[in-house]
Amino acid sequence: NHVPSLLELGYMSQVDVDDLQKTLSFFQLARTEEPQNADVHAGMGDVFLAHDQLDEAINAYNSALQIAHLEDLTTAITLNSEDVEAWRLRGIVHRDSGSYELSLRDLLDAIALAPENADVLMETAYTYDEMWRFEDALDATERALQIVSEDVRALNYRAYVRGCGPAHLLQPEQALKDALKA
């Protein structure tokens, strides 16, 4: 594993040389070896920040935080595989990072543990939505509404799909009723 050495070289070159590309190259090599290493992303954030590239620094720091959060949630799940909230949160983190299949897998595991959890069902609906699986998203939304009939998120989502979704799901009158009810 060369990552610790690459991180050290990256930080040393940042101090000795004012060449952004050279400094970044060490962190990029480390990221290639360990793309899920939060320290690598944080190091890249430090480099971008030192070179006044604030947007890139924020993106790198956000990646580091997301990876660290994912690691914490995975540890929680490992310690207690019946922790529905950890499954739900890890599903959200996966979805936010664009890993929709991993998100769906975690959320379906959470549903298996707590089929009457409207929050988990709505997060599942949002993941299905990102995957363009609108029928599945509506099914999850309907299940959430069976549990909490006044769930504002579920009513708003159903109104959105019925008002702006694929043509075969459009129901403008029902969309308006849902929006007014929410």
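Throughout what follows, the structure given in this document is the object of discussion. (Residues numbered from 1 in each chain as written. Predicted model: local features only at pLDDT ≥ 70, side-chain atom pairs only at ≥ 80, totals over all residues. Heavy atoms only, no water.)

1. Quick look at the pattern of salt bridges
Under the criterion given, the structure shown has 12 salt bridges. When the shortest N-O distance is used, the salt bridge between E142 and R158 registers 3.0 Å. One end of the pair, E142, is in helix 8 (residues 134-147); the other, R158, is in helix 9 (residues 152-164), with 16 residues separating them in the sequence. For E142, a relative accessible area of 26% corresponds to the partly exposed category. In this structure R158 comes out as buried when scored by relative accessible area, which is 11%. A salt bridge links R162 to D178, with the shortest nitrogen-to-oxygen separation between them at 3.6 Å. Pair noted here: R162 is in helix 9 and D178 is in helix 10 (residues 172-181), with a separation of 16 residues, a long-range link. When salt bridges that share partners are traced, they join E85, R88, R95 and E123 into one network. (Salt bridge = Lys/Arg side-chain N within 4 Å of Asp/Glu carboxyl O. Helix = DSSP H or I, 4+ residues; strand = E, 2+ residues; numbered from the N terminus. Buried < 20%, exposed > 50% of the residue type's maximum accessible area, 1.4 Å probe, protein only.)

2. Some details on the environment of A110
Summarising the element assignment, A110 is placed in helix 6 (residues 100-113). On the basis of relative accessibility, which here comes to 0%, the residue A110 falls in the buried class. As a C-alpha pair, A110 and T124 span 14 residues in sequence and 9.6 Å in three-dimensional space. Leaving out residues up to four positions away in the same chain, A110 has contacts with V84, W87, R88 and V120. (Contact = heavy atoms within 4.5 Å.)

3. Here we look at the environment of A179
By the secondary structure assignment, A179 is in helix 10. Along the chain, A179 and C164 lie 15 residues apart, while their C-alpha atoms are 12 Å from each other.

4. Concerning the nonpolar core
In terms of nonpolar packing, the biggest core is built from 29 residues, with M122 and Y157 touching the most fellow members. Secondary-structure elements contributing two or more residues to this core are helix 4 (54-79), helix 5 (84-96), helix 6, helix 7 (118-130), helix 8 and helix 9. Discounting chain neighbours no more than four positions away, the residues touching M122 are T141, A144, D151, R153, A154 and Y157. With 8 residues, the next largest nonpolar core counts L20, M44, A57 and A60 among its residues. (Core = buried A, V, L, I, M, F, W, Y, C linked by side-chain atoms within 4.5 Å.)

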